[in-house]
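# Report on the structure
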Amino acid sequence: MGHPLVRLDGVSKAYGKIVAVHPLTLDIFRGDFVAVLGPSGCGKTTLLNMLAGFVLPDSGRIEIDGRDVSHVGPDRRPTNMVFQGYALFPHMTVRQNIAYGLRIRNYPKQEIDERVGEMVDLVHLGGLERRAVTEISGGQQQRVALARALIMRPDVLLLDEPLAALDLKLRNSMQQELRRIHQSIGGTFVFVTHDQNEAMGLANRIAVMRDGLLVQEGSPEEIYSTPRTQFVSNFIGEANVLPGRRTSGVVVLDAGTAFPSKGSDGTVATVVRPEAMSLTKLDGAPIEDGKVVMQGTVRDAVFLGSRMKYVVEVPGNAITVYTPPSGRSDRFAMDNKVDVVWNMVDQRVLDTE
Amino acid sequence: MTPAIRSRGWLALPYLTVYLLVFVAPLLYFFVISFWRVRLFRLMPDASLANYAKTLEAHSVSLIFTFEIAFTIAVIVTTLAFVFAYVVRFKAGRYGTPLLFVVLIALFGGYLTKIYVWKTILGQAGVINSALGLLGIVNEPITFLLYNPVAVVITLSHYTLPLAILPIYGALRSIEDMPLRAARDLGASRFRVVWDVVLPQCRVGILIAFSLCLIFAAGDFVTPLLIGGPYTSMIGKLIQLQFGFHGDAAMGSAMAFTVIGICLVVIFMVGTLIFTVFRVR
Ligand SMILES: Nc1ncnc2c1ncn2[C@@H]1O[C@H](COP(=O)(O)OP(=O)(O)OP(=O)(O)O)[C@@H](O)[C@H]1O
Ligand SMILES: [Mg+2]
């Protein structure tokens, strides 16, 4: 992969007694589309602000393209930001907003015109150049904010919840736009979100944060299929978390089933994604090797078009199972006993203390 | 406009009546008589520009001097007011509100009180002289502090500063923080942010502050009288003499409207300048 473009090394920040970001180490490579994902208040914006230069870290070092920028101000960093809420200049037109950064750097007018033109095409703002930014829609403002940052050709583009203020439909189309733009200019994007779908849909790498800590970092597939903690598994997509106990290499789930699992003795949580489970009626037939079975009662069955969603009650828990849609006749009826089956390779056993 | 709103227009009626009666009517009256003349202490209707001609002829020195002082005050005060309002809005954090409160308290101090405060500070037995005497820097009290144009500038600046801070602060309050950050992010120095983002958005507030100071300083006659000394002949003093001592309301009105006219011209020019210099590029 070569040398990382951005290197955060033990970077931390506290506001008085509140630690917004604990010492955090993260490498970002050229061309990456990184999502920083986490619940509200976990320190995402603080992390992004440290990258942009608005917040000076209490400790650690920030390197961009081999240069230590830890103490360089935001105006002299090779980063540009798309702000939460856009932060457009309300007294300027669309064109003036987009051109601002180049004007500061005293680019010749002809080059400014050219590059503004490119940006306007890239983000599909043609015809709106002379409008006041207060007189365009939210989605269009979003594009202006994006163009205003991208025109600077930053080494790293930072986006703080760029789509949070848009309605669902617009958000989906802007996601596609962002992906297209990232591909067409081949830049390095770091964006912050608390929407896991957005993170999964856009990023090639996800960094999950919680309470100022970087809990896990990896590709979306990795994070989804092998969450390192219960928090990650809950945060990323739906997950069934089954509490249990491991004694000398055997896990016994509270819901009443057992399987072998290496590790130290103690309480564990077994995480299984709903779509990794299936429902059958074994009627006492033996189970195949490498599979886990659990008995339960169907409490809810919903047809969702592309799949069926079942809620199955097991002792002390309710499990969600997604199965491919089936004909009306072979659905599992309400209040019937069923067997929930999954492959052991699809489960994650996490120590919980 | 919806019918509901239109039908409430009458709510403005009392206000409009008072405004017309106590402000517009007297002003119109004085404007009309500025074209009359006074014969044997009686106002005679006329339609001549003689009073205006005489104003420019006999009082041009005083007019120029007045507007030099008023302009100086307006520029100094508007600048200070901007700096103060800027600090309160963007830099002082939670100390901003207390600072603003101090400004409002300063407004309560009466006009004459402030004049006498400066008399006390600058006078022969005043604070500065006592301090200098105590420190043994001077033997004789220094006299050049008071009774000159500089004393007038200081006193009037002190008085008009809160009046100038409020409109500018009002304008700064509606400016959001995030676009300032965005400007920094796009490469603007702190100074460029103020120049490109803050100033263009508070041009009206600045012009209002400037106008208030200019009008107040140009029309004032008490401060020059009490602090300006014999050589500070500002036009306000002379206008007051016309109405009082000379009993020539026609001439006084013409002089007053000349001052108003010059004020409007200066405000228009300064406004044009502000709107050009701090325009959006
Ligand atoms: N300027 C500040 N002064 C004091 N505390 C702050 C400041 N900025 C952030 N914090 C605190 O630091 C923590 C992290 O804040 P941050 O804004 O980074 O969260 P976030 O993950 O961006 O949240 P959100 O998703 O709600 O935007 C929070 O507990 C917050 O209260
Ligand atoms: Mg945030």
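Residues numbered from 1 in each chain as written. Chains lettered and ligands numbered in written order. Predicted model: local features only at pLDDT ≥ 70, side-chain atom pairs only at ≥ 80, totals over all residues.

### Side note on the overall build of chain B
For clarity, the threshold we go by: A helix here means a DSSP run of H or I that spans at least four residues, while a strand means a run of E at least two residues long, and both kinds are numbered starting from the N terminus. Exposure is read from a count of other C-beta atoms within 10 Å of each residue's own; the residue is exposed at 12 or fewer, buried at 20 or more and partly exposed in between. C-beta atoms are placed from the backbone. Once C-beta atoms are placed from the backbone, any two residues with those atoms within 7 Å are in contact.
When helices and strands are counted, chain B shows 13 helices and two strands. In terms of its C-alpha atoms, chain B occupies a principal-axis envelope of roughly 75 × 70 × 35 Å. Within chain B, the fraction of its 281 residues that count as buried is 32%. Considering only contacts in chain B between residues 6 or more positions apart, those separated by 24 or more positions represent 73%.

### Focus on the site of ligand 1
Residue and element names in this part refer to chain A. Put simply, the rule is: Note on definitions: a residue is near a molecule or strand provided its C-beta atom, placed from the backbone, lies within 6 Å of it. Think of it as three bins: nonpolar holds Ala, Val, Leu, Ile, Met, Phe, Trp, Tyr, Cys and Pro, charged holds Asp, Glu, Lys and Arg, and polar takes everything else, Gly as well.
Ligand 1 sits among Tyr15, Ile18, Ala20, Gly38, Ser40, Gly41, Cys42, Gly43, Lys44, Thr45, Thr46 and His194. For the shell around ligand 1, the elements supplying multiple residues, two or more each, are strand 2 (18-28) and helix 1 (44-52). In the shell around ligand 1, the residues fall into four nonpolar, seven polar and one charged.

### Some thoughts on the interface of chain A and chain B
Accessible area lost on assembly of the parts is the figure often given for the size of an interface. Counting residues at the interface gives 21 residues for chain A and 16 residues for chain B. Secondary structure elements with two or more residues in the side of chain A that touches chain B: strand 6 (79-82) and helix 2 (94-104) of chain A. Here the element with the most residues in the side of chain A that touches chain B is helix 2 of chain A; it accounts for five residues. Here the side of chain A that touches chain B is built from residues that sort into 13 nonpolar, five polar and three charged.

### Comments concerning the nonpolar core
Side chains that are nonpolar tend, in soluble globular proteins, to be buried together. What counts, and what does not: Nonpolar cores are identified as sets of buried Ala, Val, Leu, Ile, Met, Phe, Trp, Tyr and Cys residues joined via C-beta atoms within 7 Å.
Residues Ala147 and Val190 of chain A together with Ala81 and Ile168 of chain B are the most contacted members of the largest nonpolar core, which totals 128 residues. At 12 residues, helix 3 (residues 50-91) of chain B tops the list of elements feeding residues into this core.

### Thoughts on the packing of helix 2 of chain A against helix 4 (residues 138-150) of chain A
All names here are of chain A. The condition is simple: Here an axis means a line fitted to C-alpha atoms, over the contact stretch when the element is a helix, while the angle between two N-to-C directions is reported on a 0 to 180 degree scale. Angles are sorted into four bins: roughly parallel if under 35 degrees, roughly antiparallel if over 145, roughly perpendicular if 65 to 115, and oblique for all others. Left-handed is the label given to a crossing in which the near helix is rotated counterclockwise from the far helix by less than a right angle, and right-handed is the label when the rotation is clockwise.
Interaxial distance between helix 2 and helix 4 falls to 7 Å at its minimum, and their mutual angle equals 25 degrees. When the axes of helix 2 and helix 4 are compared, the pair comes out roughly parallel. Handedness of the crossing formed by helix 2 with helix 4: right-handed. In contact with Val94, Asn97, Ile98, Tyr100 and Gly101 of helix 2, helix 4 contributes Val144, Ala147 and Arg148. Among the residues making up the contact of helix 2 with helix 4, the classes are represented as five nonpolar, two polar and one charged.

### Quick word on the pairing of strand 7 (residues 156-160) of chain A
All names here are of chain A. For the record, the criterion: At least two DSSP bridges between two strands are needed for those strands to be called paired. Clockwise travel from the first strand over the helix to the second, with the strands pointing away from the viewer, marks a crossover as right-handed.
With five of five residues buried, strand 7 is to be regarded as a mostly interior element. The alternating pattern of strand 7 places Val156, Leu158 and Asp160 and Leu157 and Leu159 on opposite faces, both of which are buried. As judged from the four bridges shared by strand 6 and strand 7, these two strands associate in the parallel manner. Paired with Asn80 across the bridge in strand 7 is Leu157. When strand 7 meets strand 8 (residues 188-193), the two strands line up parallel, connected through five bridges. Within the sheet, the bridge partner assigned to Leu159 lies in strand 8 and is Phe191. With helix 5 (residues 168-185) bridging strand 7 and its parallel neighbour strand 8, the resulting β-α-β unit is right-handed.

### Topic: the sheet that holds strand 5 (residues 67-68) of chain A
By definition, the strands of a sheet pair up through backbone hydrogen bonds, in either a parallel or an antiparallel sense. Residue and element names in this part refer to chain A. Sheet architecture is open: four strands sit in the order 2-1-4-5, paired in antiparallel fashion. Whereas interior strands pair on both sides, the edge strands pair on one side only; in this sheet they are strand 2 and strand 5. Sheet topology places strand 1 (residues 6-15) next to strand 2; seven bridges connect them, and they run antiparallel. Looking at strand 2, one finds that Leu8 is bridged to Leu26.

### Side note on the domain arrangement of chain A
Residues and elements named next belong to chain A. Inclusion rule: Here the bounds of each domain stem from an automatic or database domain assignment.
What the domain assignment lists for chain A is domain 1 (6-234) and domain 2 (240-351). Its C-alpha centre places domain 1 at a distance of 39 Å from the equivalent point of domain 2. Contacts between domain 1 and domain 2 engage six residues on the former and five residues on the latter. Partitioning the side of domain 1 that touches domain 2 into residue classes produces one nonpolar, five polar and no charged.

### Details of the sheet that holds strand 16 (residues 291-303) of chain A
Residue and element names in this part refer to chain A. The five strands are arranged 15-19-16-17-18 in an open sheet whose pairing can be described as antiparallel. Looking along the sheet, the strands with just one partner apiece sit at the ends: strand 15 (277-280) and strand 18 (317-323). Sheet twist, expressed as the mean angle between neighbouring strand axes with direction ignored, is 45 degrees. Two elements, strand 17 (residues 308-314) and strand 18, share seven bridges in a ladder whose sense is antiparallel.

### A few points about the packing of helix 3 of chain B against helix 10 (residues 203-219) of chain B
Residue and element names in this part refer to chain B. At a closest axis distance of 8 Å, the pairing of helix 3 and helix 10 adopts a crossing angle of 145 degrees. Seen along the crossing, helix 3 lies across helix 10 with a hand that is right-handed. Residues Thr66, Phe67, Ile69, Ala70, Phe71, Ile73, Ala74, Val77, Thr78, Ala81 and Phe82 of helix 3 form the contact with helix 10, whose participating residues are Ile206, Ala209, Phe210, Cys213, Leu214, Ala217 and Ala218. A breakdown of the residues in the contact of helix 3 with helix 10 according to their chemical character gives 16 nonpolar, two polar and no charged.

### Digging into helix 5 of chain A
All names here are of chain A. Rules: The length a helix should cover is 1.5 Å for every residue beyond the first.
Counted at 1.5 Å a residue, the expected span for helix 5 with its 18 residues is 26 Å, and the 26 Å between its end C-alpha atoms agrees. Each element contacted by the buried residues of helix 5 is listed here: strand 3 (33-37), helix 3 (109-122), strand 8 and helix 6 (196-202). Among the residues trailing helix 5, Gly186 stands out with phi positive, at a value near 65 degrees.

### Here we look at the pairing of strand 11 (residues 240-247) of chain A
Residues and elements named next belong to chain A. Only one face of strand 11 is buried, namely the one carrying Asn240, Leu242, Gly244 and Arg246, since none of Val241, Pro243, Arg245 and Thr247 on the opposite face is buried. Across seven bridges, strand 11 lies against strand 14 (residues 266-272) in antiparallel orientation. In the strand pairing of strand 14, Val241 is matched with Val271. Note: strand 11 against strand 12 (residues 250-253), four bridges, orientation antiparallel. Looking across to strand 12, one finds that Arg245 is bridged to Val252. Hairpin remark: strand 11 followed by strand 12, antiparallel, with two residues in the connecting loop; positive phi at Ser248, about 35 degrees.

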